[in-house]
Amino acid sequence: MSTTPPSPQLTAATPPGAGEPASEDGAFGFLRALGPRGRRAFAGAFGGYALDSYDYFTLPLSMVALAAYFGLDSGQTGLFTTVTLVVSAIGGAVAGVVADRIGRVKALMITVITYAVFTVACGFAPNYETLLVFRALQGLGFGGEWAVGAILVAEYASARHRGRTLGAIQSSWAVGWALAAVVYTLVFSFVGDDLAWRVMFWTGALPALLVVWVRRRVHDAPEAAVERQKSAHKGSFTAIFKPGTADAPGLLRITVFAGLLSTGVQGGYYTLATWVPTYLKTERGLSVVGTGGYLTFLISGAFIGYLTGGYLTDKLGRKRNILLFAVLSAICVLVYANIPSGADTLLLVLGFPLGFCMSAIFSGFGSFLSELYPTAVRGTGQGFTYNTGRAVGAVFPTLVGFLADSWGVGGALVFGAIGYALAALALLGLPETRGKELR
């Protein structure tokens, strides 16, 4: 197994910022640097990921109502998340291959349509088993959207701004999460629980409108598209698992450690994203409106965390940013889950740093994974590692579900801290990629 970082399509750039025009400075310099076509790609990826987030959170926010409607225990409700994330690994890997073979924009449209259709279908499910199947199929589109959108924008972005550009794309997850929380508060306040959870899923039709705009306005980055077409091995799973030799570096080491990194970060994240709403309602006794208020702090922290993490991933480097927030996220999880009963104000306040840290760690993923793989297999590598991590990390919410019966949801949440420790260890096997241009 080679320890040499792969770089067939990545060339070292001058130090970030050298020779850059002044117009690229400032808070929004990264957007100006993208150019008109790049900004349209940014808008398409931002909207797609925000609506991906919205469709994902229709389930966790409706979990209590679903459990009551179908008579489910904690293990069965946790299985919804696990199935979604496991199938999303398949969807993400396939979408990555499709993006390498037919282009980023076409693959983006396919993923958005897929998750929109099956989210709506969930609202018509007559029983638990059918809902589980529809939710799994929703995962096919859910898994592919981020990888495809991130690569599309990464290939437009300059090395100087790639971290904050992809961090801004990541922030759209918080936008979709916030939208879902607002709709949840309205729907569950005015509609009975037995129907409200169905209405939440039906609103998942919104992403279909985005596809019409993307089809007309967004295009692949020209230079990357030409480079991709030159390769006879584009979209090859074999290539990302090829061991290195003394004469030629391979991608196997990168794929293994990037997969472990993704597993740790997403195991921690989805543990919290899935179970915090249930924790607030069942163990803290908050009403629908009260839960929405607490989630406002959590989501606000997440949004700012994505943007801050994007900035820091350019300043500190990809690995240092991820390591910093892996440590801080683990600390926040342990503190949040052990707040004494009755200290609800402290629970409210600590929601902000919890959301901030567990989101800032993601900001470097789009740039880091894109820079680890050459153009011909960039979609395949990023789609596979990110979504394999999602699938394996999906075991964490299910374990919390089963442990909740004996430990309580709050106690079981500390299991998410283990994921962040795994992420920190995985960084030891990966190279730093800050300052590399994509071609």
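Every value quoted in this text rests on a predicted model; they were computed, and no experiment measured them. (Residues numbered from 1 in each chain as written. Predicted model: local features only at pLDDT ≥ 70, side-chain atom pairs only at ≥ 80, totals over all residues. Heavy atoms only, no water.)

**Here we look at the overall build of the protein chain**
The secondary structure content of the protein chain amounts to 18 helices and two strands. Counting every position in the protein chain, which comprises 439 residues, the buried fraction comes to 60%. (Helix = DSSP H or I, 4+ residues; strand = E, 2+ residues; numbered from the N terminus. Buried < 20%, exposed > 50% of the residue type's maximum accessible area, 1.4 Å probe, protein only.)

**Section: the pattern of salt bridges**
Counted under the stated rule, the structure contains eight salt bridges. Here Asp100 ties to Arg104 by a salt bridge, and the two come within 2.7 Å at their closest N and O atoms. Among the residues examined, Asp100 registers a relative accessible area of 0% and is labelled buried. In this structure Arg104 comes out as buried when scored by relative accessible area, which is 1%. (Salt bridge = Lys/Arg side-chain N within 4 Å of Asp/Glu carboxyl O.)

**Observations regarding the packing of aromatic side chains**
Working definition: an aromatic ring pair is given by the centre-to-centre distance plus the angle between the planes. Throughout the structure, instances matching the rule amount to 24 aromatic pairs. Both rings, one in Trp197 and one in Phe201, keep their centres 6.1 Å apart while their planes meet at 85°; by these two values the pair is edge-to-face. A residue pair is termed a helical-turn pair when its members lie 3 or 4 positions apart in one helix, as Trp197 and Phe201 do in helix α6 (residues 193–202) at four residues. Like Phe201, Trp197 is buried. Taken together, the ring pairs connect Tyr49, Tyr56, Phe57, Phe142, Trp146, Trp173, Trp177, Tyr269, Phe362, Phe365 and Tyr386 into an aromatic cluster. (Phe/Tyr/Trp six-rings, centres within 6.5 Å; stacked < 30°, edge-to-face > 60°.)

**A closer look at the environment of Glu145**
As for its placement among the helices and strands, Glu145 is situated in helix α4 (residues 128–154). Looking at Glu145, the relative accessible area reads 1%, which means it is buried. Measuring from C-alpha to C-alpha, the distance between Glu145 and Ser88 comes to 9.8 Å, with 57 residues separating the pair along the chain. Setting aside its immediate chain neighbours within four residues, Glu145 contacts Ala45, Gly48, Tyr49, Asp52, Leu108, Thr111, Val112 and Tyr115. For Glu145, the side chain forms a polar contact with the main-chain nitrogen of Tyr49, separated by 3.3 Å. (Contact = heavy atoms within 4.5 Å. Polar contact = N/O pair within 3.5 Å; in protein donor to acceptor, adjacent residues only side chain to side chain.)

**Considerations on the packing of helix α1 (residues 29–70) against α4**
It is the contact of α1 with α4, at a shortest axis distance of 9 Å, that shows an interaxial angle of 155°. The angle between the axes of α1 and α4 places the two elements in the roughly antiparallel class. Crossing of α1 over α4 shows left-handed handedness. A class-by-class count of the residues in the contact of α1 with α4 yields 15 nonpolar, four polar and four charged. (Axes fitted to C-alpha atoms, helices over the stretch in contact; angles between N-to-C directions. Parallel < 35°, antiparallel > 145°, perpendicular 65-115°, else oblique. Left-handed = near helix turned anticlockwise from the far one by under 90°. Nonpolar A, V, L, I, M, F, W, Y, C, P; charged D, E, K, R; others polar.)

**A few points about the packing of α1 against helix α7 (residues 207–217)**
Packing of α1 against α7 brings their axes to within 10 Å, and their N-to-C directions diverge by 165°. One finds that α1 runs roughly antiparallel with respect to α7. Our pair here, α1 against α7, has a crossing hand that is left-handed. Here Arg40, Ala43, Gly44, Gly47, Gly48, Leu51 and Asp55 of α1 come into contact with α7, specifically with Pro207, Leu210, Trp213, Val214 and Arg217. Broken down by class, the residue content of the contact of α1 with α7 amounts to six nonpolar, three polar and three charged.

**Side note on helix α2 (residues 74–102)**
With 29 residues, α2 ought to run about 42 Å at 1.5 Å a step, and its terminal C-alpha atoms sit 41 Å apart, in line with that. Burial within α2 is extensive, with 21 of its 29 residues counted as buried. One side-chain oxygen at the N-terminal end of α2 lies 2.8 Å from the backbone nitrogen of Gln76; it belongs to Asp73. Among the residues trailing α2, Gly103 stands out with phi positive, at a value near 115°. (Expected span 1.5 Å × (residues − 1).)

**Overview of empty space enclosed by the protein**
Going through the model one piece at a time under the given rule, you end up with one cavity of 30 Å³ or more. Taken as a whole, the largest cavity encloses approximately 40 Å³ of empty space. Contributing to the lining of the largest cavity are Tyr49, Gln170, Trp173, Tyr269, Tyr270, Tyr306, Phe362, Tyr386 and Arg390. If you list the elements that add at least two residues to the lining of the largest cavity, you get α5 (162–190), α10 (252–282) and α15 (378–393). Looking at side-chain class alone, the lining of the largest cavity contains seven nonpolar, one polar and one charged residues. (1 Å grid on protein atoms, 1.4 Å probe; cavity = no way out; pocket = protein on both sides within 12 Å on 5 of 7 lines; lining within 4 Å. Points joined across faces, edges and corners; volume = space filled by probe spheres on them.)

**Section: the nonpolar core**
Leu131, Trp173, Leu261, Tyr269 and Tyr420 are the most contacted members of the largest nonpolar core, which has 112 residues in total. In terms of residues, this core owes the most to one element, α1, which gives 17 residues. Discounting residues that sit within four places of it in the chain, Tyr420 has contacts with Gly264, Val265, Gly268, Tyr269, Leu272, Ala326, Ser329, Ala330, Val333, Met358 and Ile361. (Core = buried A, V, L, I, M, F, W, Y, C linked by side-chain atoms within 4.5 Å.)

**Let's talk about the side chain of Thr58**
Within the secondary structure, Thr58 is located in helix α1. Look past the residues within four positions of Thr58 in its chain and what remains in contact with it is Thr119, Arg135, Met200 and Phe201.

**Describing the confidence of the model for the protein chain**
In the predicted model, the protein chain carries a mean pLDDT of 81, and the fraction of residues at 70 or more is 82%. Within the protein chain, strand β1 (residues 10–12) has the poorest average pLDDT of any element, 41, and α6 the best, 93. Under a pLDDT of 50 for its full length, residues 1–22 has, in the predicted model, 44 contacts with residues more than four places off or in other chains. (pLDDT = per-residue confidence, 0-100.)

**Some details on the layout of surface pockets**
Considered as a void within the structure, the second largest pocket measures approximately 230 Å³ in volume. Lining the second largest pocket are 12 residues; nearest its centre among them are Glu155, Tyr156, Glu223, Glu437 and Leu438. Counting residues per element, the lining of the second largest pocket draws most heavily on helix α8 (residues 222–230), which supplies three residues. Residue composition of the lining of the second largest pocket, by class: six nonpolar, one polar and five charged.

**Here we look at a nonpolar patch on the surface**
On the surface, Leu316, Leu323, Leu324, Val327, Leu328, Ile331 and Val335 cluster together to form a nonpolar patch covering roughly 530 Å² of accessible area. Secondary-structure assignment places Leu323 in helix α12 (residues 318–337). The exposure class of Leu323 is partly exposed, given its relative accessible area of 41%. (Patch = residues over 30% accessible without salt bridge, like charges linked within 9 Å, V, L, I, M, F, W, Y side chains within 5 Å. Areas by Shrake-Rupley, 256 points an atom, 1.4 Å probe, with all protein chains shown as cover.)

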